[in-house]
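Single-letter residue listing:
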Amino acid sequence: MTSPKRSRRSLVRPLVRGLHAYTPGEQPKIPGLIKLNTNENPYPPAPAVLRKVRLAVDGRLRLYPNPTAEALRAQLAALHGGTPDHLIVGNGSDELLALAVRCFVEPAGAQPDSASTVQFFAPSYSLYPVLAQIHGAACRAVPLPPDFSLPGVPALRRAGQYDFNAALTLVTTPNAPSGRGYATQDLDRLCAATRGVLVLDEAYVDFAEEQALELALRHPHVLVARTFSKAYSLCFQRVGYFVGHPDLIAALQKIRDSYNVNGLGQIAAQATLEHLPYYRRNFARIIQTREKLSRALAARGFRVLPSSTNFLLAQPPAPDAGTWLEALRARKILVRWFKNSPVEAYLRITIGTPAEAQALLRAVDDFHPQGVPNPRAR
Ligand SMILES: Cc1ncc(COP(=O)(O)O)c(C=O)c1O
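Basis of the calculations
- Residues numbered from 1 in each chain as written.
- Predicted model: local features only at pLDDT ≥ 70, side-chain atom pairs only at ≥ 80, totals over all residues.
- Heavy atoms only, no water.
- Axes fitted to C-alpha atoms, helices over the stretch in contact; angles between N-to-C directions.
- Helix = DSSP H or I, 4+ residues; strand = E, 2+ residues; numbered from the N terminus.
- Parallel < 35°, antiparallel > 145°, perpendicular 65-115°, else oblique.
- Left-handed = near helix turned anticlockwise from the far one by under 90°.
- Contact = heavy atoms within 4.5 Å.
- Buried < 20%, exposed > 50% of the residue type's maximum accessible area, 1.4 Å probe, protein only.
- Polar contact = N/O pair within 3.5 Å; in protein donor to acceptor, adjacent residues only side chain to side chain.
- Patch = residues over 30% accessible without salt bridge, like charges linked within 9 Å, V, L, I, M, F, W, Y side chains within 5 Å.
- Areas by Shrake-Rupley, 256 points an atom, 1.4 Å probe, with all protein chains shown as cover.
- Salt bridge = Lys/Arg side-chain N within 4 Å of Asp/Glu carboxyl O.
- Near = heavy atom within 4 Å.
- Nonpolar A, V, L, I, M, F, W, Y, C, P; charged D, E, K, R; others polar.

Viewed as axis vectors pointing N to C, helix α13 (residues 321-330) and helix α14 (residues 354-367) meet at an angle of 115°, and their least axial separation amounts to 10 Å. It follows from the interaxial angle that α13 and α14 lie roughly perpendicular. Handedness of the α13/α14 crossing: right-handed. Facing α13, whose interface residues are T323, W324, A327 and L328, α14 presents L360, A363, V364 and F367.

This is the structure we're talking about:
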(Lines give C-alpha, C1' and ligand atoms only; values in the text may rest on other atoms or scores of the structure.)
Protein backbone atom coordinates (compact mmCIF):
# COMPACT_ATOMS: atom_id res chain seq x y z
CA MET A 1 0.00 0.00 0.00
CA THR A 2 1.39 3.40 -0.93
CA SER A 3 1.18 6.16 1.62
CA PRO A 4 -0.91 9.26 0.71
CA LYS A 5 1.07 11.91 -1.21
CA ARG A 6 2.19 14.99 0.72
CA SER A 7 1.24 18.36 -0.70
CA ARG A 8 4.11 20.02 -2.57
CA ARG A 9 3.86 22.95 -0.18
CA SER A 10 4.48 20.70 2.82
CA LEU A 11 7.69 19.40 1.20
CA VAL A 12 9.29 22.83 1.68
CA ARG A 13 10.58 23.80 5.14
CA PRO A 14 8.17 26.17 6.92
CA LEU A 15 10.95 28.76 7.22
CA VAL A 16 11.48 28.79 3.44
CA ARG A 17 7.73 28.85 2.75
CA GLY A 18 7.45 32.06 4.76
CA LEU A 19 10.45 33.79 3.14
CA HIS A 20 10.26 36.92 1.01
CA ALA A 21 13.14 36.66 -1.46
CA TYR A 22 15.50 39.59 -2.05
CA THR A 23 14.23 41.83 -4.87
CA PRO A 24 17.07 42.61 -7.28
CA GLY A 25 16.92 45.71 -9.47
CA GLU A 26 15.03 45.17 -12.71
CA GLN A 27 17.03 43.91 -15.73
CA PRO A 28 14.87 45.33 -18.52
CA LYS A 29 14.76 44.02 -22.09
CA ILE A 30 13.43 47.28 -23.58
CA PRO A 31 15.84 48.55 -26.25
CA GLY A 32 17.25 52.03 -25.73
CA LEU A 33 16.40 52.18 -22.03
CA ILE A 34 19.04 53.99 -19.94
CA LYS A 35 19.68 51.80 -16.93
CA LEU A 36 20.42 53.83 -13.80
CA ASN A 37 18.88 51.41 -11.30
CA THR A 38 21.52 48.88 -10.12
CA ASN A 39 24.69 50.94 -9.59
CA GLU A 40 26.57 49.29 -12.43
CA ASN A 41 29.59 51.13 -13.82
CA PRO A 42 28.84 52.94 -17.10
CA TYR A 43 32.37 52.31 -18.39
CA PRO A 44 33.52 48.92 -19.70
CA PRO A 45 36.36 46.88 -18.18
CA ALA A 46 39.86 47.88 -19.35
CA PRO A 47 40.56 46.60 -22.90
CA ALA A 48 43.38 44.39 -21.56
CA VAL A 49 40.93 42.73 -19.14
CA LEU A 50 38.55 41.89 -21.98
CA ARG A 51 41.47 40.53 -24.00
CA LYS A 52 42.62 38.27 -21.13
CA VAL A 53 39.10 36.88 -20.66
CA ARG A 54 38.70 36.24 -24.41
CA LEU A 55 42.07 34.49 -24.56
CA ALA A 56 41.03 32.20 -21.72
CA VAL A 57 37.94 30.94 -23.54
CA ASP A 58 39.37 27.73 -24.97
CA GLY A 59 39.70 24.04 -24.09
CA ARG A 60 40.58 24.98 -20.50
CA LEU A 61 36.90 25.54 -19.82
CA ARG A 62 36.67 21.79 -19.14
CA LEU A 63 38.95 22.14 -16.09
CA TYR A 64 38.02 23.22 -12.56
CA PRO A 65 39.35 26.65 -11.58
CA ASN A 66 41.76 27.21 -8.70
CA PRO A 67 39.64 26.33 -5.62
CA THR A 68 40.89 29.19 -3.42
CA ALA A 69 41.61 31.84 -6.08
CA GLU A 70 45.20 31.59 -4.92
CA ALA A 71 46.85 33.92 -7.44
CA LEU A 72 44.15 36.56 -6.99
CA ARG A 73 44.50 36.41 -3.20
CA ALA A 74 48.27 36.89 -3.52
CA GLN A 75 47.71 39.99 -5.71
CA LEU A 76 45.11 41.37 -3.28
CA ALA A 77 47.46 40.82 -0.32
CA ALA A 78 50.18 42.75 -2.16
CA LEU A 79 47.70 45.57 -2.78
CA HIS A 80 46.15 45.81 0.68
CA GLY A 81 48.85 44.50 3.02
CA GLY A 82 48.47 41.33 5.06
CA THR A 83 48.96 37.86 3.57
CA PRO A 84 46.81 35.65 1.33
CA ASP A 85 45.52 34.07 4.59
CA HIS A 86 43.83 37.39 5.34
CA LEU A 87 41.67 36.96 2.21
CA ILE A 88 38.76 34.90 0.96
CA VAL A 89 37.27 35.40 -2.52
CA GLY A 90 33.61 34.79 -3.22
CA ASN A 91 31.08 34.58 -6.04
CA GLY A 92 30.38 38.28 -5.52
CA SER A 93 30.49 39.77 -2.03
CA ASP A 94 26.86 38.63 -1.66
CA GLU A 95 28.09 35.05 -1.33
CA LEU A 96 30.53 36.03 1.40
CA LEU A 97 27.86 37.95 3.32
CA ALA A 98 25.71 34.80 3.26
CA LEU A 99 28.70 32.71 4.41
CA ALA A 100 29.32 35.14 7.27
CA VAL A 101 25.76 34.62 8.52
CA ARG A 102 26.18 30.83 8.36
CA CYS A 103 29.63 30.94 9.95
CA PHE A 104 29.11 33.32 12.88
CA VAL A 105 25.41 33.27 13.78
CA GLU A 106 23.38 30.55 15.52
CA PRO A 107 19.88 29.94 14.14
CA ALA A 108 17.44 31.46 16.63
CA GLY A 109 15.72 29.11 19.06
CA ALA A 110 12.56 29.95 20.98
CA GLN A 111 14.43 32.75 22.75
CA PRO A 112 16.47 34.77 20.22
CA ASP A 113 19.59 36.22 21.87
CA SER A 114 22.80 37.97 20.86
CA ALA A 115 24.35 34.72 19.58
CA SER A 116 21.52 34.36 17.05
CA THR A 117 21.39 38.03 16.00
CA VAL A 118 22.29 39.62 12.66
CA GLN A 119 22.41 43.36 13.24
CA PHE A 120 22.48 46.18 10.70
CA PHE A 121 21.54 49.82 10.41
CA ALA A 122 18.30 50.83 8.72
CA PRO A 123 18.28 51.79 5.96
CA SER A 124 21.23 49.86 4.55
CA TYR A 125 21.72 47.01 2.06
CA SER A 126 18.32 45.32 1.79
CA LEU A 127 19.90 41.87 1.36
CA TYR A 128 20.99 41.67 5.03
CA PRO A 129 17.58 40.89 6.58
CA VAL A 130 16.92 38.34 3.83
CA LEU A 131 20.18 36.51 4.64
CA ALA A 132 19.28 36.48 8.33
CA GLN A 133 15.80 35.13 7.61
CA ILE A 134 17.13 32.38 5.32
CA HIS A 135 19.34 31.22 8.18
CA GLY A 136 16.57 31.44 10.78
CA ALA A 137 18.52 34.08 12.67
CA ALA A 138 17.05 37.06 14.52
CA CYS A 139 17.26 40.46 12.78
CA ARG A 140 18.06 43.63 14.63
CA ALA A 141 17.60 46.77 12.53
CA VAL A 142 19.04 49.82 14.27
CA PRO A 143 17.52 53.01 12.84
CA LEU A 144 19.87 55.62 11.42
CA PRO A 145 19.06 59.28 12.17
CA PRO A 146 17.18 61.22 9.45
CA ASP A 147 20.46 62.45 7.92
CA PHE A 148 21.73 58.82 7.71
CA SER A 149 24.86 59.67 9.70
CA LEU A 150 26.57 56.96 11.73
CA PRO A 151 25.50 57.25 15.37
CA GLY A 152 28.39 57.54 17.82
CA VAL A 153 28.93 54.86 20.46
CA PRO A 154 27.55 57.00 23.36
CA ALA A 155 24.38 57.72 21.33
CA LEU A 156 24.00 54.00 20.54
CA ARG A 157 24.36 53.17 24.25
CA ARG A 158 21.78 55.80 25.22
CA ALA A 159 19.24 54.66 22.61
CA GLY A 160 19.67 51.02 23.72
CA GLN A 161 18.82 49.54 20.31
CA TYR A 162 22.32 48.47 19.24
CA ASP A 163 23.44 45.12 20.64
CA PHE A 164 27.18 45.35 21.29
CA ASN A 165 27.26 41.53 21.62
CA ALA A 166 25.34 40.68 18.43
CA ALA A 167 26.97 37.68 16.72
CA LEU A 168 27.22 39.60 13.43
CA THR A 169 26.89 43.31 12.63
CA LEU A 170 26.83 44.42 8.98
CA VAL A 171 27.68 48.07 8.26
CA THR A 172 27.34 49.44 4.73
CA THR A 173 30.05 52.09 4.39
CA PRO A 174 29.59 54.35 2.52
CA ASN A 175 25.93 53.77 3.32
CA ALA A 176 23.54 52.51 0.68
CA PRO A 177 20.95 53.60 -0.25
CA SER A 178 21.69 57.06 1.18
CA GLY A 179 25.19 57.41 -0.31
CA ARG A 180 26.48 58.93 2.91
CA GLY A 181 30.17 58.34 3.69
CA TYR A 182 31.44 57.47 7.17
CA ALA A 183 34.73 58.58 8.75
CA THR A 184 37.21 55.78 9.45
CA GLN A 185 37.74 57.22 12.93
CA ASP A 186 34.02 56.80 13.74
CA LEU A 187 33.98 53.27 12.31
CA ASP A 188 37.05 52.46 14.39
CA ARG A 189 35.22 53.51 17.58
CA LEU A 190 32.23 51.36 16.62
CA CYS A 191 34.53 48.38 15.92
CA ALA A 192 36.32 48.83 19.25
CA ALA A 193 33.02 48.87 21.18
CA THR A 194 31.42 45.91 19.36
CA ARG A 195 32.27 42.43 20.63
CA GLY A 196 30.75 40.18 17.92
CA VAL A 197 31.98 39.95 14.31
CA LEU A 198 31.56 43.23 12.43
CA VAL A 199 31.61 43.41 8.63
CA LEU A 200 32.34 46.77 6.99
CA ASP A 201 30.69 46.38 3.59
CA GLU A 202 32.73 48.71 1.37
CA ALA A 203 31.00 47.91 -1.94
CA TYR A 204 31.12 51.62 -2.97
CA VAL A 205 34.28 52.74 -1.22
CA ASP A 206 36.24 53.62 -4.39
CA PHE A 207 33.93 56.62 -4.85
CA ALA A 208 34.41 57.83 -1.25
CA GLU A 209 36.86 60.15 0.50
CA GLU A 210 37.92 57.57 3.10
CA GLN A 211 38.24 53.81 3.29
CA ALA A 212 38.57 51.60 6.35
CA LEU A 213 40.43 48.51 5.18
CA GLU A 214 43.13 48.97 7.82
CA LEU A 215 40.49 48.23 10.49
CA ALA A 216 40.26 44.63 9.25
CA LEU A 217 43.99 44.23 9.69
CA ARG A 218 43.92 45.84 13.16
CA HIS A 219 40.80 44.39 14.83
CA PRO A 220 40.64 40.56 14.90
CA HIS A 221 36.80 40.56 14.85
CA VAL A 222 36.42 42.96 11.88
CA LEU A 223 36.06 41.94 8.22
CA VAL A 224 36.04 44.33 5.28
CA ALA A 225 33.95 43.32 2.24
CA ARG A 226 34.97 44.54 -1.21
CA THR A 227 33.64 43.79 -4.68
CA PHE A 228 34.87 44.00 -8.26
CA SER A 229 31.27 44.63 -9.37
CA LYS A 230 30.76 48.38 -9.06
CA ALA A 231 34.03 50.27 -9.29
CA TYR A 232 35.75 47.65 -11.46
CA SER A 233 32.96 47.09 -14.02
CA LEU A 234 32.70 43.35 -13.37
CA CYS A 235 29.14 42.72 -12.11
CA PHE A 236 28.75 40.00 -14.76
CA GLN A 237 31.72 38.01 -13.46
CA ARG A 238 30.70 37.90 -9.78
CA VAL A 239 33.89 38.43 -7.79
CA GLY A 240 34.06 39.88 -4.27
CA TYR A 241 36.32 39.36 -1.28
CA PHE A 242 36.67 39.72 2.47
CA VAL A 243 39.81 40.91 4.26
CA GLY A 244 40.25 39.97 7.91
CA HIS A 245 41.99 37.97 10.59
CA PRO A 246 43.24 34.57 9.31
CA ASP A 247 41.20 32.74 11.99
CA LEU A 248 37.90 34.21 10.75
CA ILE A 249 38.95 33.76 7.12
CA ALA A 250 39.87 30.09 7.76
CA ALA A 251 36.43 29.50 9.32
CA LEU A 252 34.75 30.98 6.24
CA GLN A 253 36.97 28.91 3.91
CA LYS A 254 35.71 25.75 5.64
CA ILE A 255 32.09 26.29 4.69
CA ARG A 256 32.27 27.67 1.13
CA ASP A 257 31.62 25.57 -1.97
CA SER A 258 34.73 23.82 -3.29
CA TYR A 259 34.98 25.91 -6.48
CA ASN A 260 33.00 28.98 -5.53
CA VAL A 261 34.72 31.47 -7.84
CA ASN A 262 34.51 30.72 -11.56
CA GLY A 263 37.73 30.65 -13.58
CA LEU A 264 36.93 33.49 -15.96
CA GLY A 265 36.01 35.65 -12.98
CA GLN A 266 39.39 34.97 -11.38
CA ILE A 267 41.19 35.82 -14.65
CA ALA A 268 39.20 39.04 -15.07
CA ALA A 269 39.81 40.15 -11.48
CA GLN A 270 43.54 39.41 -11.70
CA ALA A 271 43.85 41.39 -14.93
CA THR A 272 41.84 44.24 -13.36
CA LEU A 273 44.44 44.60 -10.62
CA GLU A 274 47.11 45.05 -13.29
CA HIS A 275 45.28 48.07 -14.73
CA LEU A 276 44.23 50.11 -11.71
CA PRO A 277 45.10 53.53 -13.24
CA TYR A 278 42.41 52.93 -15.94
CA TYR A 279 39.80 52.35 -13.22
CA ARG A 280 40.98 55.28 -11.10
CA ARG A 281 40.40 57.57 -14.09
CA ASN A 282 36.86 56.20 -14.30
CA PHE A 283 36.24 56.84 -10.58
CA ALA A 284 37.24 60.48 -11.14
CA ARG A 285 34.90 60.77 -14.16
CA ILE A 286 32.00 59.22 -12.22
CA ILE A 287 32.57 61.52 -9.23
CA GLN A 288 32.66 64.56 -11.55
CA THR A 289 29.39 63.51 -13.23
CA ARG A 290 27.86 62.83 -9.79
CA GLU A 291 28.63 66.32 -8.50
CA LYS A 292 27.37 68.02 -11.69
CA LEU A 293 24.19 65.95 -11.74
CA SER A 294 23.61 66.61 -8.06
CA ARG A 295 23.72 70.38 -8.67
CA ALA A 296 21.52 70.15 -11.77
CA LEU A 297 18.85 68.10 -9.96
CA ALA A 298 18.93 70.45 -6.96
CA ALA A 299 18.33 73.36 -9.36
CA ARG A 300 15.23 71.48 -10.56
CA GLY A 301 13.71 71.15 -7.10
CA PHE A 302 15.13 67.78 -6.07
CA ARG A 303 16.48 67.40 -2.54
CA VAL A 304 19.74 65.61 -3.25
CA LEU A 305 21.73 64.04 -0.43
CA PRO A 306 25.53 64.32 -0.47
CA SER A 307 26.98 61.13 -1.94
CA SER A 308 30.26 59.23 -1.50
CA THR A 309 29.16 56.51 -3.93
CA ASN A 310 28.30 56.03 -7.61
CA PHE A 311 24.65 56.90 -7.04
CA LEU A 312 22.52 59.75 -5.70
CA LEU A 313 19.57 59.52 -3.34
CA ALA A 314 17.25 62.33 -4.31
CA GLN A 315 13.79 63.34 -3.17
CA PRO A 316 11.92 64.60 -6.22
CA PRO A 317 9.50 67.52 -6.07
CA ALA A 318 5.75 66.77 -6.13
CA PRO A 319 3.96 64.62 -7.09
CA ASP A 320 5.84 61.68 -5.45
CA ALA A 321 8.73 59.30 -6.05
CA GLY A 322 6.53 56.45 -7.37
CA THR A 323 4.98 58.72 -10.00
CA TRP A 324 8.42 60.04 -10.95
CA LEU A 325 9.71 56.48 -11.38
CA GLU A 326 6.97 55.76 -13.92
CA ALA A 327 7.34 59.15 -15.62
CA LEU A 328 11.08 58.61 -16.11
CA ARG A 329 10.53 55.01 -17.23
CA ALA A 330 8.06 56.26 -19.88
CA ARG A 331 10.92 58.48 -21.05
CA LYS A 332 13.30 55.50 -21.19
CA ILE A 333 15.19 56.20 -17.97
CA LEU A 334 15.17 53.48 -15.32
CA VAL A 335 16.00 54.45 -11.72
CA ARG A 336 15.35 52.64 -8.41
CA TRP A 337 12.52 53.27 -6.00
CA PHE A 338 12.34 51.48 -2.63
CA LYS A 339 8.59 51.26 -2.06
CA ASN A 340 7.45 50.72 1.56
CA SER A 341 10.87 51.58 2.97
CA PRO A 342 12.32 54.43 5.07
CA VAL A 343 13.47 56.03 1.80
CA GLU A 344 10.14 55.72 -0.01
CA ALA A 345 10.12 59.48 -0.70
CA TYR A 346 13.39 59.22 -2.68
CA LEU A 347 14.72 57.86 -5.96
CA ARG A 348 18.13 56.22 -6.13
CA ILE A 349 19.89 57.23 -9.31
CA THR A 350 23.04 55.46 -10.52
CA ILE A 351 25.68 57.75 -12.03
CA GLY A 352 26.04 56.97 -15.72
CA THR A 353 28.04 58.69 -18.43
CA PRO A 354 27.73 62.49 -18.90
CA ALA A 355 25.45 61.78 -21.90
CA GLU A 356 23.21 59.59 -19.73
CA ALA A 357 23.08 62.32 -17.08
CA GLN A 358 21.99 64.79 -19.80
CA ALA A 359 19.30 62.36 -20.97
CA LEU A 360 18.03 62.06 -17.38
CA LEU A 361 17.87 65.85 -17.04
CA ARG A 362 15.98 66.13 -20.34
CA ALA A 363 13.46 63.56 -19.08
CA VAL A 364 13.10 65.47 -15.79
CA ASP A 365 12.50 68.74 -17.68
CA ASP A 366 10.02 67.04 -19.98
CA PHE A 367 7.95 65.72 -17.07
CA HIS A 368 8.34 68.79 -14.88
CA PRO A 369 8.82 71.71 -17.27
CA GLN A 370 7.94 74.38 -14.68
CA GLY A 371 11.11 73.60 -12.73
CA VAL A 372 9.32 74.85 -9.59
CA PRO A 373 11.88 75.02 -6.77
CA ASN A 374 11.13 72.45 -4.13
CA PRO A 375 10.55 74.08 -0.72
CA ARG A 376 12.20 71.01 0.88
CA ALA A 377 15.38 71.47 -1.16
CA ARG A 378 18.39 72.67 0.76
C1 LIG B 1 26.13 47.45 -0.12
C2 LIG B 1 26.33 46.32 -1.07
N3 LIG B 1 27.07 45.28 -0.70
C4 LIG B 1 27.30 44.24 -1.51
C5 LIG B 1 26.73 44.19 -2.78
C6 LIG B 1 26.94 42.96 -3.61
O7 LIG B 1 27.94 43.05 -4.51
P8 LIG B 1 28.40 41.81 -5.36
O9 LIG B 1 28.05 42.12 -6.77
O10 LIG B 1 29.87 41.71 -5.11
O11 LIG B 1 27.69 40.58 -4.84
C12 LIG B 1 25.94 45.24 -3.21
C13 LIG B 1 25.30 45.19 -4.53
O14 LIG B 1 24.38 45.87 -4.84
C15 LIG B 1 25.72 46.33 -2.34
O16 LIG B 1 24.95 47.36 -2.71
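With respect to the element layout, H80 can be found in helix α4 (residues 70-80). Residue class for H80 comes out buried when judged on its relative accessible area of 17%. In terms of polar contacts, H80 uses its side chain to reach the side chain of Y241, at 2.7 Å. Discounting chain neighbours no more than four positions away, the residues touching H80 are L213, L217, R226, Y241 and V243.

It is worth spelling out a nonpolar patch on the surface at this point. Among the surface-exposed residues, L11, V12 and V16 lie close enough to one another that they form a single nonpolar patch of about 240 Å² accessible area. Within the secondary structure, L11 sits in helix α1 (residues 8-11).

Here we come to the pattern of salt bridges. Tallied over the entire structure, the rule returns twelve salt bridges. Of the charged contacts in the structure, one is a salt bridge between E291 and R290, with a shortest N-O distance of 2.8 Å. A salt bridge links R331 to D366, with the shortest nitrogen-to-oxygen separation between them at 2.7 Å. A residue pair is termed long-range when its members are at least 10 positions apart, and R331 in the loop between α13 and β11 (333-334) and D366 in helix α14 qualify at 35 residues. According to the relative accessible area criterion, D366 is partly exposed, its value standing at 49%.

Attention now moves to the site of the ligand. Taken together, the residues surrounding the ligand are G92, S93, D94, Y125, T172, D201, A203, Y204, T227, S229, K230 and R238. Within the side chain of Y204, one N or O atom sits 2.8 Å away from an oxygen atom of the ligand. The side chain of T227 places a nitrogen or oxygen atom 2.6 Å from an oxygen atom of the ligand. Taking 400 Å² as the accessible area of the ligand by itself, protein coverage stands at 91%. Looking at the shell around the ligand residue by residue, the classes come out as three nonpolar, five polar and four charged.

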